[in-house]
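Fold and contact review
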Amino acid sequence: MPTRIPKRSEKPISKAQDIAYIRLGRKDLESAYRYYIDFGLKVKSRTEDRILFHAISSGFPCWSIEKANRDFLLGFGFFVSDKKQFAELQKLDGAIFHPKGRFGDIPSVTLFDPSGLPVDAVNSSSHQISKVNSKRIWNHFDIIKRINTPQPSISGPPKVIRLGHAVFLKQEFFKNAQWYCDTFGLIPSDIQLLPKSKEPVLAFLRCNREGELTDHHTIVVATGADDRLEHCAFELKDLDEIAQGREWLLSKGWKPAWGLGRHLLGSQIFDYERDPTGMLVEHYTDGDKFDHSVPVGFHEISRKSLYQWGQDMPEDFLDTRLNFQSLKELIKGLIAKREIRIKTLIQMKTMASKSPRKWIKY
Amino acid sequence: MAKNYIRYEKNNKIDWGFYKDGSVTPLGFGDLSTKEFLEAIQKNSKTKIETKYTLDRLSILSPITAPCQIVCQGANYRQHLIESGLNPDDKTYNMFFTKSDASLSSPLGNVIKPKHVKLLDYEIELGLVFGKRIDSNSNVTLGNASQFVAAFFMANDISARDIQLPQLQWYKGKSYRTFLPAGPMLAILEPGDFELLENLELTLLVNDEIRQHDTASNLVYKPAETILELSKFCNINPGDILITGTPSGCALKAPGKLIQKIGGLLSEKKKWELFIKGQSKRKEYLQPKDRIRSSIRTADRRIDLGDQILNVVQDLT
């Protein structure tokens, strides 16, 4: 069994500052439009074949829904603010330079990760927001701020502050994870291993902003039967926003997935929902922030490793079933002698089918 | 939450420092032994010095100092027992041995491979530091055993298998200089921390390949049980240590039952010759230029014993 781990690169070509955007192909733009408005994103522009959404931290699009003949991941982007690093990325084999970028205002360069996914480096700094006001005021046992005033009842989409991270499944876990470390300077925060073989199958990767703080993970690369986007997560202000968002989406008839709960690795309070195609999207708050000094952690992968408290994980949450498309991709991968092994997938499936809580039976 | 301390040298002076969020605040205690440090920190844990250092600006020393007694447990993880052909549920005895304190060395430095040693092996282990004396007057019970433990630390129980096993010399085979890298952190326990031991995850990599990974919940003889047993035959002083055994995944691979039976028919000399020949084929044994990285921490990092980085070098003298 391969037990090599992705590790921080001594001399990465660039140091990404944050994730910039995700591009998704969708058969049905109308339902995506309605869903993501309810989810809390704002429309930047809409044409017949593309809707660009942004979050409140910036007017730059973080979510691009593009007309396609099937529902799939088209690509994504990182912010690379350093001019020199941006120039170095342009020199890489197969790099495509877009002077005006994807969305017509900032230069970008498109690279392809080892599984062929287009990854853009956007030559801009990431957008930080200093303050978002809380819609509610909390009374604590020792500090009372709301006197003679009930808590207001608020409904509507939550305020999405920013796109936080994306989780990619890959047939070739190691090759891809190491490529992101070497190309964009990402560093592993936590790596998960299969219990028996100790094979690494999932890496939480964060940006290296030196002494400056960054999210515990900006992308996650995990072993999968096919190459796809597993979920994306958006940061909200606080717990109230998370719960209000869930309430709003449910009231609009959209499908929930899993929540509320608190993760173990990364610590976020989370709520997972499903977009009209069934893809997972997450609202989160209170995530861990690390600088470059924090060393990597190693953990066995299990459903227990996913949360410290919360509603029990629904049985269909970790989708390890194979549909026609993913089976086709898996067979293609096996024939091409990619890193993926059936043995690994079986161990992953066994892990995913084990209840994390001994006292609860699904 | 356990507090982390390191022992270091800077400008030819040894001191202890408090470690938090990636930086070290010097305590100005000077060159104290582990025992003296444990006493000093109990009296005065306030730091007056404002300077802070990052770890890479200091030369990090073992937080465990000689002289001290080093008690070790063997075959104490479930999977390691299974791998060695034993049934972990059939616990027959808690296996103890010792190492020389001359083997203690820095957690960020070299492991020296003696000239005559071929089968150099690694063993990541959770270490406990005693804070209270145990003798015939101490009434150790399962309930109070944890009160005798002051701190946790990480150890690597390096072994020369070709001395330890064929010569039946565990003490010698496990005690060459640099055979016990310890630290970097001395995690001084606070109430409630001892119970978190079960959540500690031990990981050891050689050249970026995972060799050992397990959680301390798979310990067969738990620390309380072990300390109780130790108290029956051993006097312990503050600053003495217990290292609790290693998970599966060492380079050493016990020969199968059949081979062992055949071996029993051969002369001792022939048997061990064949053993060394067989083991020498295993590429897992440490070689000069290999790099060992290890860590012990809980997933939520409430207890984090830091990272050891060791380079294997050949002894040329």
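Residues numbered from 1 in each chain as written. Chains lettered and ligands numbered in written order. Predicted model: local features only at pLDDT ≥ 70, side-chain atom pairs only at ≥ 80, totals over all residues. Heavy atoms only, no water.

**Brief notes about the overall build of chain A**
Note the following rule: To qualify as a helix, a DSSP run of H or I must reach at least 4 residues; to qualify as a strand, a run of E must reach at least 2; elements of each kind are numbered from the N terminus. Just to be clear, the radius of gyration here is over C-alpha atoms, and the globule rule we use is 2.2 Å times residues to the power 0.38. For every residue, the accessible area obtained with a 1.4 Å probe (protein chains only) is divided by the maximum for its type, and the residue is called buried under 20%, exposed over 50%, and partly exposed between those limits.
A tally of regular secondary structure across chain A gives six helices and 20 strands. Taking 362 residues into account, the globule formula puts the C-alpha radius of gyration at 21 Å, and chain A, at 20 Å, falls close to it. For chain A, the C-alpha atoms occupy an extent of roughly 65 × 55 × 45 Å along the three principal directions. A burial count over chain A gives 55% of its 362 residues as buried.

**What about the sheet that holds strand 10 (residues 187-193) of chain A?**
Residues and elements named next belong to chain A. Test applied: A pair of strands is treated as paired once DSSP finds two or more bridges between them.
The mixed open sheet is built from ten strands, whose spatial order is 19-10-11-13-9-14-17-16-15-20. Each edge of the open sheet is held by one strand with a lone partner, namely strand 19 (297-300) and strand 20 (309-310). As judged from the seven bridges shared by strand 9 (residues 162-170) and strand 14 (residues 228-235), these two strands associate in the antiparallel manner. Bridge pairing in strand 14 links L169 to R228.

**Examining the side chain of K99 of chain B**
Residues and elements named next belong to chain B. In plain terms, the rule: Polar contacts, as used here, are pairs of N or O atoms within 3.5 Å; protein pairs need one atom able to donate a hydrogen and one able to accept it. Residues neighboring in sequence count only if both atoms are side-chain atoms.
Within the fold, K99 resides in the loop between strand 7 (95-98) and strand 8 (104-105). Among the polar contacts listed, one links the side chain of K99 to the backbone oxygen of I158, at a separation of 3.1 Å. Among the polar contacts made by the side chain of K99, one reaches the main-chain carbonyl oxygen of F179 at a distance of 3.0 Å.

**Here's the deal with the pattern of salt bridges**
Side chains that differ in sign of charge can pair as their charged atoms come close. Residue and element names in this part refer to chain B. Filter applied, for reference: A pairing counts as a salt bridge when a side-chain nitrogen of Lys or Arg comes within 4 Å of a carboxyl oxygen of Asp or Glu.
On inspection of all chains with the given rule, the structure shows 42 salt bridges over all chains. Here K174 ties to D157 by a salt bridge, and the two come within 2.8 Å at their closest N and O atoms. Separated by 17 residues along the polypeptide, K174 in the loop between helix 4 (170-173) and strand 14 (180-181) and D157 in the loop between strand 12 (149-156) and strand 13 (159-160) bring together distant segments of the chain. With relative accessibility at 1%, the residue K174 sits in the buried group. A relative accessible area of 0% places D157 in the buried class. In the salt-bridge network here, residues are joined through shared partners; they are K99, D121, E123, D157, R161 and K174.

**Section: the UniProt feature "domain: Fumarylacetoacetase-like C-terminal" (unreviewed entry) in chain B**
Rule in force here: UniProt positions are given in the numbering used here, feature names are shortened, and annotations may be inferred rather than shown by experiment.
As recorded in UniProt, the sites labelled "domain: Fumarylacetoacetase-like C-terminal" (unreviewed entry) are residues 69-297 of chain B. End C-alpha atoms of residues 69-297 of chain B are separated by 25 Å, and the span's content is 21% helix alongside 28% strand.

**Examining the nonpolar core**
Generally speaking, a soluble globular protein has its nonpolar side chains buried in company with each other. Residues and elements named next belong to chain A. Quick reminder of the rule: What makes a nonpolar core is a set of buried Ala, Val, Leu, Ile, Met, Phe, Trp, Tyr and Cys residues whose side-chain atoms join them at distances within 4.5 Å. Note on contacts: a residue pair qualifies if any of its non-hydrogen atoms lie within 4.5 Å across the two residues.
Judged by nonpolar contacts, the single largest core of 60 residues is most densely connected at I22, Y36, W63, Y180 and F184. It is helix 3 (residues 173-184) that provides the largest number of residues to this core, a total of seven residues. For Y36, the contacting residues outside a window of four places in its chain are L41, F53, W63, I65, D275, M279 and V281.

**A word on the pairing of strand 14 of chain A**
All names here are of chain A. Most of strand 14 sits inside the fold, with seven of its eight residues counted as buried. Examined bridge by bridge, strand 14 and strand 17 (residues 280-285) share five bridges and lie parallel to one another. The residue bridging E235 from the neighbouring strand is Y284, located in strand 17.

**Some remarks on helix 7 (residues 268-280) of chain B**
Quick reminder: α-helices carry 3.6 residues per turn. Residues three or four places apart thus point the same way. Residue and element names in this part refer to chain B. What counts here: Expected span of a helix: the number of residues minus one, times 1.5 Å. It is the directions from the helix axis to the C-beta atoms that the arc portrays.
The terminal C-alpha atoms of helix 7, which comprises 13 residues, lie 18 Å apart, in line with the 18 Å expected from a rise of 1.5 Å per residue. Among all positions in helix 7, only W272, F275 and Q279 are buried. All buried residues of helix 7 fall inside an arc of 50 degrees around its axis, so they share one side. Of the exposed residues in helix 7, the ones pointing more than 90 degrees away from its buried face are K269 and K277.

**Here's the deal with the interface of chain A and chain B**
The following threshold applies: Buried area, as used here, totals the accessible surface that two parts lose on assembly, with accessibility defined by a 1.4 Å probe and the loss added over both.
With 20 residues of chain A in contact, the opposing surface of chain B contributes 14 residues. For the pairing of chain A and chain B, the buried interface totals around 1500 Å² over both sides, and the portion due to carbon and sulfur atoms is 53%. For the pair chain A and chain B, the interface holds two salt bridges. Where K7 of chain A meets D208 of chain B, a salt bridge forms, and the shortest distance between an N and an O atom there is 2.8 Å.

**Considering helix 4 (residues 239-251) of chain A**
All names here are of chain A. An ideal rise of 1.5 Å per residue puts 18 Å on 13 residues; helix 4 measures up with 18 Å between its terminal C-alpha atoms. In this fold, the buried residues of helix 4 make contact with helix 1 (29-39), strand 15 (256-262), strand 16 (269-274) and strand 17. Immediately downstream of helix 4, the backbone of G253 shows phi near 85 degrees, a positive value.

**Observations concerning the sheet that holds strand 16 (residues 201-206) of chain B**
Residue and element names in this part refer to chain B. Stated formally: Angular values range over 0 to 180 degrees, each being the angle between N-to-C directions of two axes fitted as lines to C-alpha atoms, with helices fitted over their stretch in contact.
The strand order across the open sheet built from five strands is 9-20-19-16-17, with neighbouring strands paired in mixed fashion. Unpaired on one side and paired on the other, strand 9 (108-113) and strand 17 (209-215) mark the two borders of the sheet. Averaged over all pairs of adjacent strands, the angle between strand axes in this sheet comes to 20 degrees, irrespective of strand direction. Summarising the sheet, strand 16 and strand 19 (residues 291-297) pair through six bridges and their orientation is antiparallel. Each bridged residue has a counterpart across the sheet, and for T203 the counterpart in strand 19 is S295.

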